[in-house]
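Each chain is listed here by its residues.
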Amino acid sequence: DESSVGIIEVAPPAIIAERLLPPPEEAMPVVEIQALVRERPDLPALLDGVARATAEALGADLRSCWVVFHEIAPGTYLEGGRVRDREDALEVSPLVTVRAYRGRTLEQKAKLLPAVAGAVGAALGLDPALVFVEYREIPEGHVFTGGQVR
């Protein structure tokens, strides 16, 4: 048997980033969820459900959707004039922020926000109307990823 030797071509980081990263209008979004919970939710299901709802609503690649969950410690959340504890978890709003590059249409955002609220509500056993979701756009030049400023 003859062994073959291959030549590996290594591209500069900027070219690699161009090949790996989708254009800004198709990239990201980052969904950050903060919630007071009675008991820890099924995190893989919550993260996957929110990522899938986000990707579907935006027509984005699932691999470009990032989701993070932060549990709010009991006694550190005030809503309705009262500091809330675990017993209040089904009465208070999870706080969700979606950050993405500029370029999404109003129609895409209008589809995304209730989709995220629905996925978070389903995972936490809440009415989606109780979930607070905000959308923040990131201007060009305000993100460093893939070895470059985007």
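Refer to the preceding data block for the structure.
The rules we used
- Throughout, residues of each chain are indexed from 1 in the direction in which the sequence is written.
- Per-residue local features are limited, in this predicted model, to residues with pLDDT of at least 70; the limit for side-chain atom pairs, both in listing and counting, is 80 or more; totals at the level of whole chains, interfaces and linings are taken over all residues.
- Excluding hydrogens and water, the side-chain figures rest on all heavy atoms present in the structure.
- Numbering of helices and strands runs from the N terminus, with a helix taken as a DSSP run of H or I at least four residues long and a strand as a DSSP run of E at least two residues long.
- Residue exposure (1.4 Å probe, protein chains only): buried if accessible area is under 20% of the type maximum, exposed if over 50%, otherwise partly exposed.
- In this description, contact between two residues means that some pair of their heavy atoms is separated by no more than 4.5 Å.
- Note: two strands are recorded as paired if DSSP finds a minimum of 2 bridges between them.
- A clockwise path from the first strand over the helix to the second, with the strands pointing away from the viewer, defines a right-handed crossover.
- Salt bridges are identified by distance alone: a Lys or Arg side-chain nitrogen within 4 Å of an Asp or Glu carboxyl oxygen.
- Note on geometry: axes are lines fitted to C-alpha atoms, helical ones only across the stretch in contact, with angles between N-to-C directions running from 0 to 180 degrees.
- In these notes the angle categories are as follows: under 35 degrees is roughly parallel, over 145 is roughly antiparallel, 65 to 115 is roughly perpendicular, and the rest is oblique.
- Note on convention: near helix rotated counterclockwise from far helix by under a right angle means a left-handed crossing. Clockwise means right-handed.
- Under the convention adopted here, Pro, Cys and the residues Ala, Val, Leu, Ile, Met, Phe, Trp and Tyr are nonpolar, Asp, Glu, Lys and Arg are charged, and Gly plus all remaining residues are polar.

### Considering the overall build of the protein
Thinking step 1. Across its full length, the protein carries three helices and eight strands.
Thinking step 2. The order of α-helices and β-strands along the protein, N terminus first, is α-β-α-β-β-β-β-α-β-β-β.
Thinking step 3. Here the protein, with 150 residues, has 37% of them falling under the buried criterion.
Thinking step 4. In the protein, the share of contacts with a sequence separation of at least 24, taken over all contacts with a separation of at least 6, comes to 73%.

### Examining the pairing of strand 6 (residues 132-138)
Thinking step 1. Bridging between strand 5 (residues 95-101) and strand 6 involves seven bridges; their strand directions are parallel. Of the residues in strand 6, the one forming a bridge with Arg99 is Arg136.
Thinking step 2. Note on the crossover from strand 5 through helix 3 (residues 106-124) to strand 6: the handedness is right-handed.

### Looking at the pattern of salt bridges
Any two side chains of opposite charge can pair, given that their charged atoms come close.
Thinking step 1. Per the counting criterion, the structure on display carries 11 salt bridges.
Thinking step 2. A salt bridge links Glu71 to Arg86, with the nearest nitrogen and oxygen atoms 3.0 Å apart. Here Arg86 lies in the loop between strand 4 (82-84) and strand 5 and Glu71 lies in strand 2 (residues 66-71), a separation of 15 residues in the sequence.
Thinking step 3. In this structure, the salt-bridge partner of Arg136 is Glu134, at a minimum N-O distance of 3.1 Å.
Thinking step 4. For Arg136, a relative accessible area of 45% translates into the label partly exposed.
Thinking step 5. Looking at Glu134, the relative accessible area reads 24%, which means it is partly exposed.

### Notes on the sheet that holds strand 6
Thinking step 1. Strands sit in the order 2-1-5-6 across an open sheet of four strands; the sheet is mixed. Whereas interior strands pair on both sides, the edge strands pair on one side only; in this sheet they are strand 2 and strand 6. Across the sheet, the axes of successive neighbouring strands diverge by a mean angle of 15°, strand direction being ignored.
Thinking step 2. On top of the sheet, helix 3 reaches strand 1 (30-35), strand 5 and strand 6; it is set at about 135° to strand 6, its chief contact.

### Here's the deal with the packing of helix 2 (residues 43-58) against helix 3
Thinking step 1. Close contact between helix 2 and helix 3 brings their axes to 8 Å; oriented N to C, the two are set at 165°. When the axes of helix 2 and helix 3 are compared, the pair comes out roughly antiparallel. Handedness of the crossing formed by helix 2 with helix 3: right-handed. Along the contact surface, helix 2 presents Leu46, Gly49, Val50, Ala53, Thr54, Glu56, Ala57 and Leu58, while helix 3 presents Gln108, Lys111, Leu112, Ala115, Val116, Ala119, Val120, Ala123 and Leu124.
Thinking step 2. Residues belonging to the contact of helix 2 with helix 3 are distributed by class as follows: 12 nonpolar, three polar and two charged.

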